[in-house]
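The primary structure of each chain is shown beneath.
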Amino acid sequence: MDNSVGQKKFATIKDYILSQVETAAWPEHSRIPSENELATQFAVSRMTARRALQELTEQGVLYRTQGVGSFVASPKSQSSLLEIRNIADEIQRRGHFHKAELVQLTSLPCPAVVATALGLSRNAPVFFSLIVHYENQQPLQLEARYVNPEQVPDYLAQDFVLQTPHEYLSAVAPLTDAEHIVEAVLPDELTRQHLKIPASEPCLRLTRRTFSRGGAVSFAYLTSAGSRYRLGGHLTIQPKT
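Residues numbered from 1 in each chain as written. Predicted model: local features only at pLDDT ≥ 70, side-chain atom pairs only at ≥ 80, totals over all residues. Heavy atoms only, no water.

Visitor: Break down the packing of aromatic side chains for me, citing the residues and quoting the values.
Guide: Counted by the stated rule, this structure contains eight aromatic pairs. Where Y155 meets F160, the ring centres are 4.8 Å apart and the plane angle is 40°; that geometry is what we call tilted. Both residues of the pair, Y155 and F160, count as buried. Ring centres 5.2 Å apart and planes at 80° place the aromatic pair F219 and Y221 in the edge-to-face group. For F219, a relative accessible area of 9% puts it in the buried group. An aromatic cluster is present here, built from Y16, W26 and F42 joined pairwise through their rings. (Phe/Tyr/Trp six-rings, centres within 6.5 Å; stacked < 30°, edge-to-face > 60°. Buried < 20%, exposed > 50% of the residue type's maximum accessible area, 1.4 Å probe, protein only.)

Next comes the structure, spelled out in structure tokens:
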């Protein structure tokens, strides 16, 4: 089978399973079709069907029981230690005032690291936004976000003073998966300038890549002054049954 055809059928199987789960046609803990059944239904090899099931299992959509089959996972098992939160909501929940300052909103040649993250060609057009988030008039976080034009073609037409990129992307490309890297870093000149901090001020940098059903959507660097921000989470541990 041609590799591009196999890739399309692999994506079709994943979309089919996700659709059945999202519409509750397959309730949680229900057994889904086997590799053989999916291979027959979509006229693909067992390897292609197995790959789709394995990837959805790794994403927490399904769980597998050896010798029995694959089942729809409970929503709780899909919770991440790092929740995807809107910074404006975080600030308002603390009873404080959020303000966004849009520094840059443009299309530019895709850097190599971003091209790899978003599945784009190097130097292909990529959308970019640079925003300073304020809490009670004090700069809290510098958000540098690259967005896949193929997934979100109207990104540059939005007003990100009135709504955050998180709010907009959640509406037009609902999140299905995310990856995080958290690092302690010293600020570069751009970060010092916009967060109004000295060169010796440690910062917390969250590198985040998000996906929707269509593929990789955005790749962002969220940098916060260490003296003004902390990152926490709640993890629910489910006992084995």
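Visitor: Tell me what's going on with the sheet that holds strand β8 (residues 215-225), and back it up with residues and numbers.
Guide: Here we have six strands laid out as an open sheet, ordered β3-β4-β5-β8-β7-β6, and antiparallel in their pairing. The open sheet has two free edges, formed respectively by β3 (98-109) and β6 (177-185), since each of these has just one partner strand. Adjacent strand axes in the sheet meet at a mean angle of 15°, parallel and antiparallel pairs treated alike. Of the strand pairs in this sheet, strand β5 (residues 138-147) and β8 are connected by seven bridges, and their pairing is antiparallel. Within β8, the position partnered with V147 by the bridge is S218. Lying over the sheet, helix α6 (residues 165-172) contacts β4 (125-135), β5 and β8, oriented at roughly 35° with respect to β5. (Pairing = 2+ DSSP bridges. Helix = DSSP H or I, 4+ residues; strand = E, 2+ residues; numbered from the N terminus. Axes fitted to C-alpha atoms, helices over the stretch in contact; angles between N-to-C directions. Contact = heavy atoms within 4.5 Å.)

Visitor: Go over unusual backbone geometry, please, and point to the residues and values.
Guide: Negative phi values dominate among residues other than glycine, just as trans dominates among peptide bonds. Unusually for a residue other than glycine, N136 sits at a positive phi of about 50°. Among the secondary structure elements, N136 is positioned in the loop between β4 and β5. According to the relative accessible area criterion, N136 is partly exposed, its value standing at 40%. A positive phi angle is found at K196, which is not glycine, with a value near 55°. Examined against the element boundaries, K196 turns out to sit in the loop between α7 (189-195) and β7 (203-212).

Visitor: Help me get a handle on the nonpolar core, residues and values and all.
Guide: Within soluble globular proteins, side chains that are nonpolar generally end up buried alongside one another. Of all hydrophobic cores here, the largest spans 22 residues; its most connected members are C110, V114, L118, V126, Y146 and F219. Only α5 (112-118), β4, β5, β7 and β8 provide two or more residues apiece to this core. Here this core gets five residues from one element, more than from any other, and that element is β4. If you look at the next biggest cluster of nonpolar residues, it comprises 17 residues, including F10, F42, L53 and V72. (Core = buried A, V, L, I, M, F, W, Y, C linked by side-chain atoms within 4.5 Å.)

Visitor: I'd like a rundown of the side chain of E143, residues and numbers included.
Guide: With respect to the helices and strands, the residue E143 is situated in strand β5. Looking at E143, the relative accessible area reads 3%, which means it is buried. A polar atom in the side chain of E143 sits 2.8 Å from the side chain of H133. Among all residues touching E143, those that are not within four sequence positions of it are S129, L130, I131, H133, P165, Y221 and L222. (Polar contact = N/O pair within 3.5 Å; in protein donor to acceptor, adjacent residues only side chain to side chain.)

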